[in-house]
Protein chains: 2
Amino acid sequence: MNDNQRHAEKKAKIKAARDRMMAEKTDEKGLVIVHTGAGKGKSSSGFGMILRCIAHGMPCAVVQFIKGAWDTGERRLLTSHFGDLCQFHAMGEGFTWETQDRDRDIAAARAGWAKAKELIRDPAIRMVLLDEINIALRYEYLDLDEVLAFLRDEKPAMTHVVLTGRNARPDLIEAADLVTEMAAVKHPFRAGIKAQPGVEF
Amino acid sequence: MNDNQRHAEKKAKIKAARDRMMAEKTDEKGLVIVHTGAGKGKSSSGFGMILRCIAHGMPCAVVQFIKGAWDTGERRLLTSHFGDLCQFHAMGEGFTWETQDRDRDIAAARAGWAKAKELIRDPAIRMVLLDEINIALRYEYLDLDEVLAFLRDEKPAMTHVVLTGRNARPDLIEAADLVTEMAAVKHPFRAGIKAQPGVEF
């Protein structure tokens, strides 16, 4: 038996095992998805999933809880090209370290959550991305128990909700179906490289 | 001093420290970016960065090394709407466990790498996403030393190259500027939920 035959045999076994595994997974349901961790990619993979929904013709929505001064590119692009499929709502006033008014931050977070509930309740909307909501939950600008109760009791069964931001609260991780931690292995800020278009914003 | 004043003072200090930190970061350079780990979001955050480039009007390109049967949505969307800014090349034959022909997999990976070099050498292209190339490197379908030497010696200084896929080789992590590990904290496949549009594809 040559190398290529051995390889073919091994791969055939892996494929058979994988086909068996995937055949057992038959359920569909709307997922509560969390992207957390100190690394990059929490928001951008959320936007990547929104892109996938758009590609499938699935109506979707984004609520941005913490609006950075530099974070408007995706919004402009999504609304100008796909405004019929994807709603975009920027509720925050800037990164939390940019504002010095806690009351205003709380009001912005609560307005964002009110909009989020309205979007999630609409069963026509198949995915709602709550970008950086974990920051608002961490600072207790929003009540975690209320958010968890809403996701459990009022989210339509087939709707996906994606919650991003570092320091996700443990009870949210416990309640979620799919949790990914983006861990920073290496970051160029440490080497004096500034934030650059396409990468950070 | 009330709660809001204390909050404002604390936030002003954080903002000042952050402004000082960011002022020290003045360099721009093309980055070698790696997304690895067993969790979700490696490819979707790569596509999210491509979306950011498009939003900034930066020409970019995607080479997909491992073509899944179900992974065509983003490609269709990107090429139909943004084909003038983003080139898309799907070189793989399917996930590696789907094919049983090692020679064909190697030929596909090498064709992908030849296309990748051509795209990276073009200084007009600002970001090249090499999606799932880590799989081809892990199976040694591509020569790691050749890839690293090319990125070091021939990549234009301002071009970003994003390499995704689990099991990134240690020497690639060592050579990269920005590395994120997507760790799977919780995955719904384990609960019998199948891959769903918008989330997995």
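Read on for an overview of the structure. (Residues numbered from 1 in each chain as written. Chains lettered and ligands numbered in written order. Predicted model: local features only at pLDDT ≥ 70, side-chain atom pairs only at ≥ 80, totals over all residues. Heavy atoms only, no water.)

## Digging into the overall build of chain A
When helices and strands are counted, chain A shows seven helices and six strands. Along chain A, from the amino end to the carboxyl end, the secondary structure elements read α-β-α-β-α-β-α-β-α-α-β-α-β. Partitioning the contacts of chain A with sequence separation of at least 6, the portion at a separation of at least 24 is 81%. By element, 48% of the accessible surface of chain A is carried by carbon and sulfur atoms, the whole surface being about 8500 Å². (Helix = DSSP H or I, 4+ residues; strand = E, 2+ residues; numbered from the N terminus. Contact = heavy atoms within 4.5 Å. Areas by Shrake-Rupley, 256 points an atom, 1.4 Å probe, with all protein chains shown as cover.)

## Section: the interface of chain A and chain B
Every contact between the two is made by 83 residues of chain A and, on the other side, 82 residues of chain B. Here chain A meets chain B over a buried area of about 7400 Å², counting both sides, of which 60% is carbon and sulfur. In this structure, the connection of chain A to chain B is made through zero salt bridges. In this structure, the connection of chain A to chain B is made through eight residue pairs in polar contact (both at pLDDT 80 or more). (Buried area = accessible area lost by both parts, 1.4 Å probe. Salt bridge = Lys/Arg side-chain N within 4 Å of Asp/Glu carboxyl O. Polar contact = N/O pair within 3.5 Å; in protein donor to acceptor, adjacent residues only side chain to side chain.)

## Some details on the packing of helix 3 (residues 73-82) of chain A against helix 2 (residues 42-55) of chain B
Orientation of helix 3 of chain A relative to helix 2 of chain B, taken along the N-to-C sense of each, is 80 degrees, at an axis distance of 8 Å. As the angle between them shows, helix 3 of chain A and helix 2 of chain B are arranged roughly perpendicular. Every residue of helix 2 of chain B that contacts helix 3 of chain A at G73, E74, R76, L77 and L78 of chain A is listed here: L51, R52, I54 and A55 of chain B. The residue inventory of the contact of helix 3 of chain A with helix 2 of chain B, partitioned by class, reads five nonpolar, one polar and three charged. (Axes fitted to C-alpha atoms, helices over the stretch in contact; angles between N-to-C directions. Parallel < 35°, antiparallel > 145°, perpendicular 65-115°, else oblique. Nonpolar A, V, L, I, M, F, W, Y, C, P; charged D, E, K, R; others polar.)

## Some remarks on the packing of aromatic side chains
Enumeration according to the criterion identifies seven aromatic pairs over all chains in this entry. On the basis of an interplanar angle of 15 degrees and a centroid distance of 6.2 Å, the ring pair of F47 of chain B and F88 of chain B is categorised as stacked. Residue F47 of chain B is found in helix 2, and its partner F88 of chain B is found in strand 3 (residues 86-90); the two are separated by 41 residues along the sequence. In this structure, F47 of chain B and F88 of chain B share a single accessibility class: buried. A centroid spacing of 5.4 Å and a plane angle of 80 degrees characterise the contact between W113 of chain B and F150 of chain B, whose relative ring orientation is edge-to-face. Here F150 of chain B lies in helix 6 (residues 144-153) and W113 of chain B lies in helix 4 (residues 102-121), a separation of 37 residues in the sequence. Judged on exposure class, the residue W113 of chain B and its partner F150 of chain B are both buried. Taking NZ or CZ as reference, R138 of chain A lies 5.8 Å from the ring centre of Y139 of chain A, over its face. (Phe/Tyr/Trp six-rings, centres within 6.5 Å; stacked < 30°, edge-to-face > 60°. Buried < 20%, exposed > 50% of the residue type's maximum accessible area, 1.4 Å probe, protein only. Lys NZ or Arg CZ within 6 Å of the ring centre and 35° of its normal.)

## Let's talk about the relation of the copies chain A and chain B
Aligned on chain B, chain A shows an RMSD of 0.0 Å; the corresponding rotation is 180 degrees and the shift along the axis is 0.0 Å. Put plainly, the chains are arranged around a two-fold axis. Closest approach to the rotation axis among the C-alpha atoms of chain A is made by S45 of chain A, whose C-alpha sits 1.8 Å away. (Least-squares fit on C-alpha atoms with pLDDT ≥ 70 in both.)

## Some points on the nonpolar core
Grouped together as the largest cluster of nonpolar side chains are 45 residues, with contacts concentrated most on I50 of chain A together with I50 of chain B. Not counting chain neighbours up to four residues away, the residues in contact with I50 of chain B comprise C60, A61, V62, L78, C86, M127 and L129 of chain B. (Core = buried A, V, L, I, M, F, W, Y, C linked by side-chain atoms within 4.5 Å.)

## A short note on the side chain of T180 of chain A
Among the structural elements, T180 of chain A can be located in strand 6 (residues 178-186). Among all residues touching T180 of chain A, those that are not within four sequence positions of it are V34, H35 and T36 of chain A together with G39, K40, M182, A183 and V185 of chain B.

## A short note on unusual backbone geometry
Located in the positive-phi region is E132 of chain A, a residue other than glycine, with phi close to 70 degrees. Position of E132 of chain A relative to the elements: it lies in the loop between strand 4 (127-131) and helix 5 (133-138). When its relative accessible area of 14% is taken as the criterion, E132 of chain A is described as buried. We note that E140 of chain B has phi near 60 degrees; this positive angle belongs to a residue other than glycine. Tracing the backbone through its elements, the reader meets E140 of chain B in the loop between helix 5 (133-138) and helix 6. Accessibility expressed as a relative area gives 54% for E140 of chain B, which makes it exposed.

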